[in-house]
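Architecture at a glance
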Amino acid sequence: MALARVQGIFATVLLLSGACYAAVEGSWCYDDQVCGPTTWDSLGHCGDGRQSPINIISVKAVFNSTLGPVHLSGYDNYKKLIEMKNTGKTVYVKLKDGLFLSGNGLPDVYTAKGIHFHWGNGAAHPGSEHCIDGKQYSMEWHIVHTRNNLSIAEAMDDPQGIAVLAFFVQASDTAKGKTAKAWDSFSKNLPKIAKKGSDTDLKSTVSLLDLIGPTNLARYYRYGGSLTTPNCNEVVIWTVFTDPILVPSKVVAFFPFNIRSTDSSVGPHLYNNFRPPQGLNNRTVEASSFLKLRSAASRNSQLVAFVLLISGVSALGVLPI
Ligand SMILES: *[C@@H]1O[C@H](CO)[C@@H](O)[C@H](O)[C@H]1NC(C)=O
Ligand SMILES: *[C@@H]1O[C@H](CO)[C@@H](O)[C@H](O)[C@H]1NC(C)=O
Ligand SMILES: [Zn+2]
């Protein structure tokens, strides 16, 4: 089932739709050969060399001991998510002023402007944009920030104008507790924005930290890339957290179940709204210092296990082949 092509997009809608938002007027789409991601090369910067998303190969990432936890200020405030909108390409939530991101490797303080989501089709069909060692997760959630509170348009002129925090979401049949409840409560709004262009005021019950849950903010990959939708401007500092947020499978399925890609309530469902991985080319992905601790520990324990195995079998008088 092909998604309807979306034509004649208005600049206002584009500005509202987030980091992976479009800056072109014209037609692009996800799940159709005529306008899908393989055709985007001719749009804006989409054919350039520092594109996102990417498949992160963990063993090729360069550890950087200065990359500690990111610092988030205001993200525990449950009054910051103010309006949810169906853009026809994603679910976009506008954020109130006063959410600040900082940390090593970020040249300035960044202000959160909005969040949006990428998904596949329920628990069985993953839809994250980034992959780690080829693994694609159920969904990916982006918090979009501009440098020093620039407007989105101004940020397009600064090679480090935008910082996106990317979280993987993994559908889980056993997810429960505070984080699962927050996602459940947040997703209750989706039926109200089924049609493209519709929006709803949020009742201020969850904070960004409620949705982030126990994700370790010190474990992430960092690289320079682009917006993942046309015009694909190469202005983004990406922070991709490795720990997936576990969300009930029914909540994950609720996104494509409710959201339509046209302004008809019986129009096609929006699903697979992710761009596939792009070439890394001559870029380096940096790994935060906490990722090093963990992988060094697991390498050492593997080594110990191997040594024990070898000495164990030799003690039995059998040579390992
Ligand atoms: C580590 O990160 C800092 C801050 O972004 C940067 O200045 C430095 O070049 C990085 N080092 C490596 C080895 O990538
Ligand atoms: C950030 O920009 C917005 C929109 O221009 C403005 O309303 C807000 O007051 C600014 N916030 C700060 C902290 O400067
Ligand atoms: Zn995005």
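Note that the structure is predicted; figures quoted are calculated from it, not measured. (Residues numbered from 1 in each chain as written. Chains lettered and ligands numbered in written order. Predicted model: local features only at pLDDT ≥ 70, side-chain atom pairs only at ≥ 80, totals over all residues. Heavy atoms only, no water.)

Here we come to the packing of aromatic side chains. Across all of its chains, the model carries 16 aromatic pairs by this definition. Taken together, a centroid distance of 5.6 Å and an interplanar angle of 50 degrees make the contact between F117 and F186 tilted. With F117 in strand β7 (residues 110-119) and F186 in helix α3 (residues 178-187), this residue pair connects regions lying 69 residues apart in the sequence. By relative accessible area, which is 2% here, F186 ends up buried. (Phe/Tyr/Trp six-rings, centres within 6.5 Å; stacked < 30°, edge-to-face > 60°. Helix = DSSP H or I, 4+ residues; strand = E, 2+ residues; numbered from the N terminus. Buried < 20%, exposed > 50% of the residue type's maximum accessible area, 1.4 Å probe, protein only.)

On to the packing of α3 against helix α5 (residues 249-258). Interhelical geometry of α3 versus α5 gives an angle of 25 degrees and a closest axis separation of 10 Å. Regarding the angle of α3 to α5, the classification is roughly parallel. In the crossing of α3 with α5, the sense of the turn from one axis to the other is left-handed. Contact with α3, carried on its side by W183, D184, F186 and S187, involves K250, V251, F254 and F255 of α5 and no other residues of that element. Along the lines of polarity and charge, the residues of the contact of α3 with α5 split into five nonpolar, one polar and two charged. (Axes fitted to C-alpha atoms, helices over the stretch in contact; angles between N-to-C directions. Parallel < 35°, antiparallel > 145°, perpendicular 65-115°, else oblique. Left-handed = near helix turned anticlockwise from the far one by under 90°. Contact = heavy atoms within 4.5 Å. Nonpolar A, V, L, I, M, F, W, Y, C, P; charged D, E, K, R; others polar.)

Here we take up the site of ligand 2. All residues adjacent to ligand 2 are D97, K113 and N149. In the complex, 33% of the free accessible area of ligand 2, which totals 360 Å², lies under the protein chains. (Near = heavy atom within 4 Å. Areas by Shrake-Rupley, 256 points an atom, 1.4 Å probe, with all protein chains shown as cover.)

Moving on to the side chain of T87. Relative to the elements of secondary structure, T87 occurs in the loop between β4 (81-86) and β5 (91-95). Looking at T87, its side chain comes within polar contact range of the main-chain nitrogen of K89, at 3.1 Å. For T87, the side chain forms a polar contact with the main-chain nitrogen of T90, separated by 3.1 Å. (Polar contact = N/O pair within 3.5 Å; in protein donor to acceptor, adjacent residues only side chain to side chain.)

Take the confidence of the model for the protein next. Counting all residues, the mean pLDDT for the protein is 88, and 83% of those residues have values of 70 or more. Taken as a whole, residues 308-321 scores under 50 in pLDDT and shows three contacts with residues more than four places along the chain or in a different chain. (pLDDT = per-residue confidence, 0-100.)

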